[in-house]
Amino acid sequence: MEVRLGKTDFIEDPAAIERELTGSWISAVRRHGKFVVLDLKSGNGANESRTLLIHLGMTGQIRTCPPEEPIAPHTHVFVSLDDGREMRYTDIRRFGKIRLLEDGGPEDTLGKLGLDPTEVNEKEFVARLATRRARVKALLLDQRVLRGMGNIYTDESLWRARIHPRRLGANISKVELHRLYLAIRSVLAEAIRLRGSSISDYVDAEGNRGEFQLRHRVYQREGKECSRCRSVIRREIVAGRSSYFCPRCQPQPRKRLT
DNA sequence: CTTACGGCCTGGGTGC
DNA sequence: TGCACCCAGGCCGTAA
C-alpha cells in the first residue's frame, strides 16, 4: 500500500500512518463496535502486529474505487492498493478518527468497550442494565455498556420494546428487558441486512446507500403518527441527545426528572 | 464509584 | 445575498 494524506487533524499520528501503512498488507477487515479495524501485516515478513482503527463519526466514508475516479470533496486519505484500486477516506465534518495501534500497545480504545449487542446473551444483557440507575437511553448509547449502538438504533429499539428513553435501567422490569433485548437484536439484524440507515450521506464501501431509514418508526419522525397506535411522535432531549418516541406506546416513568 | 451536564470539534441545512 | 443558528457522536472536565 501507498498512502497520501490531506487534512490530518482527525488522525492521531499522521506520520506513523504514512510510515506503517506503506509497504504493508491488509490481512483482515473487521468491525469492533463502531470501529472499522484493519489488521496490518508488514511486507518485509516481520511479525509485529499493527492495527488501524477507523471511526467514521457521523459523516466518514471508506470507499474503494479506480484511482482515476474524480475526488469527492473532503477526501483526506488515499491508499493505493496493490490490486490497482484506491481506498479513500472522505469525511465532511471530520468527526471521524483514525488511529494506529502498534504491536500490543495500550489497547485502551477497544479494551474499554462493552459487549457486542449482536452477540451478547440475554442474561449478560439484563445484568448490564438492571443494576444501573442511569437512563436507559444513556446506557444504550454508552459504548462501555454495549458497543456499537448509536442514536438511531437506540430510539428504534426502545420504540419496538415500548420503553420510554427516560426510564432508569434498574426500574425496568425483566419482561421489558426481555423485550428490549429482542428489539435490539431484531433492529440491528434488520438494519445490517438493509445496509444501514442513509439519513444524509451514509454509504457502504461500494458506495451503496442503505435502506433501513425507510423502516424507521420514530427516528426523525417528530410530529408524525406512531404506526402502532397513531399517537404523535415526540422529540425530547434525553441524555443530551435528540430522542424520538411515542408518548403512548412508551409511557413516561412515574418520577419526573428534568 | 456513579450519574448528569455543558462545551468543544466541523460544516451542511435552514430560516430570516 | 448574507448570516446566525442548530445539530450530529464522542469525549472530556466538572460537580454532586
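Here goes a summary of the coordinates provided. Remember, predicted model here, so these are calculated numbers, not experimental data.

## A closer look at the nonpolar core
(1) Moving on: Counting 35 residues, the largest nonpolar core has Phe125, Leu129, Leu140 and Leu180 as its most contacted members.
(2) Moving on: Counting residues per element, the ones that place at least two in this core are α3 (122–130), α4 (136–141), α5 (151–161) and α6 (174–193).
(3) Moving on: Among the elements that make up this core, the one with the highest residue count is α6 (8 residues).
(4) Moving on: Beyond its immediate sequence surroundings of up to four residues, Leu140 is in contact with Leu129, Leu146, Met149, Thr154, Leu158, Leu180 and Ile184.
(5) Moving on: In this structure, Met1, Ala16, Leu21 and Ile62 belong to the second largest nonpolar core, which totals 20 residues.

## Focus on the protein's contact with DNA strand B
(1) Moving on: Around DNA strand B, the surrounding shell holds 11 residues, and the nearest of these are His74, Ile92, Arg94, Arg132 and Arg133.
(2) Moving on: Each atom of DNA strand B within 4 Å of the protein belongs either to a base or to sugar and phosphate, the latter forming 72%.
(3) Moving on: Measuring from a phosphate oxygen of DNA strand B, one finds a side-chain N or O atom of Arg94 at 2.9 Å.
(4) Moving on: Within the backbone of Arg133, one N or O atom sits 2.7 Å away from a phosphate oxygen of DNA strand B.
(5) Moving on: For the surface near DNA strand B, a count of residues per class yields 3 nonpolar, 2 polar and 6 charged.

## Structural notes on α5
(1) Moving on: Extensive coverage of α5 is indicated by the burial of 10 of its 11 residues.
(2) Moving on: On its buried side, α5 packs onto α4, α6 and β10 (241–245).
(3) Moving on: Of the residues flanking the end of α5, it is Arg162, one or two places downstream, whose phi is positive at about 60°.

## A short note on the protein's contact with DNA strand C
(1) Moving on: Around DNA strand C lies a shell formed by Lys34, His55, Met58, Phe95, Asn151, Arg235, Arg241 and Ser242.
(2) Moving on: Sugar and phosphate atoms constitute 54% of the interface atoms of DNA strand C, taking the interface as everything within 4 Å of the protein.
(3) Moving on: Within the side chain of Arg235, an N or O atom sits 3.2 Å from a phosphate oxygen of DNA strand C.
(4) Moving on: In the model, a base nitrogen of DNA strand C is placed 2.8 Å from a nitrogen or oxygen of the Arg241 side chain.

## Structural notes on the pattern of salt bridges
(1) Moving on: Summed over the entire model, instances satisfying the criterion amount to 18 salt bridges.
(2) Moving on: Its salt-bridge partner being Glu86, residue Arg4 comes within 3.5 Å of it at the nearest N-O pair. In this pair, Arg4 sits in strand β1 (residues 2–5) while Glu86 sits in strand β7 (residues 86–91), placing the two residues 82 residues apart along the sequence.
(3) Moving on: For Arg4, a relative accessible area of 46% gives the class partly exposed.
(4) Moving on: As a salt-bridge pair, Arg31 and Asp116 come within 3.0 Å of each other at their nearest N and O atoms.

## Here's the deal with the side chain of Gln250
(1) Moving on: Within the secondary structure, Gln250 is located in the segment after β10.
(2) Moving on: Polar side-chain contacts of Gln250 include one of 3.4 Å to the backbone oxygen of Leu158.

Reading the values: the criteria
- Per-chain numbering applies: the sequence of each chain, read as written, is numbered from 1 onward.
- Going through the entries in the order they are written, you letter the chains from A and number the ligands from 1.
- For a predicted model such as this one, the threshold for reporting local features is a pLDDT of at least 70, and the threshold for listing and counting side-chain atom pairs is 80 or more; totals across whole chains, interfaces and linings nevertheless cover every residue.
- With hydrogens and water excluded, all non-hydrogen atoms of the structure serve as input to the side-chain values.
- Put simply, a nonpolar core is a bunch of buried Ala, Val, Leu, Ile, Met, Phe, Trp, Tyr and Cys residues held in one set by side-chain atoms that sit within 4.5 Å of each other.
- Burial status follows relative accessibility: with a 1.4 Å probe on protein chains alone, a residue under 20% of its type maximum counts as buried, one over 50% as exposed, and anything between as partly exposed.
- Runs of H or I in DSSP of at least four residues are treated as helices and runs of E of at least two as strands, each being numbered from the N terminus.
- In this analysis, two residues are considered to be in contact whenever any of their non-hydrogen atoms come within 4.5 Å of each other.
- Think of it this way: one heavy atom of a residue within 4 Å of a molecule or strand is enough to make that residue near it.
- Between N or O atoms, a polar contact is any pair within 3.5 Å; within protein, one atom must be a potential hydrogen donor and the other a potential acceptor, and residues adjacent in sequence are included only when both atoms are from side chains.
- Polar here means any residue other than Ala, Val, Leu, Ile, Met, Phe, Trp, Tyr, Cys and Pro, which are nonpolar, and Asp, Glu, Lys and Arg, which are charged; Gly is therefore polar.
- Salt bridge, as applied in this entry: a Lys or Arg side-chain nitrogen positioned within 4 Å of an Asp or Glu carboxyl oxygen.

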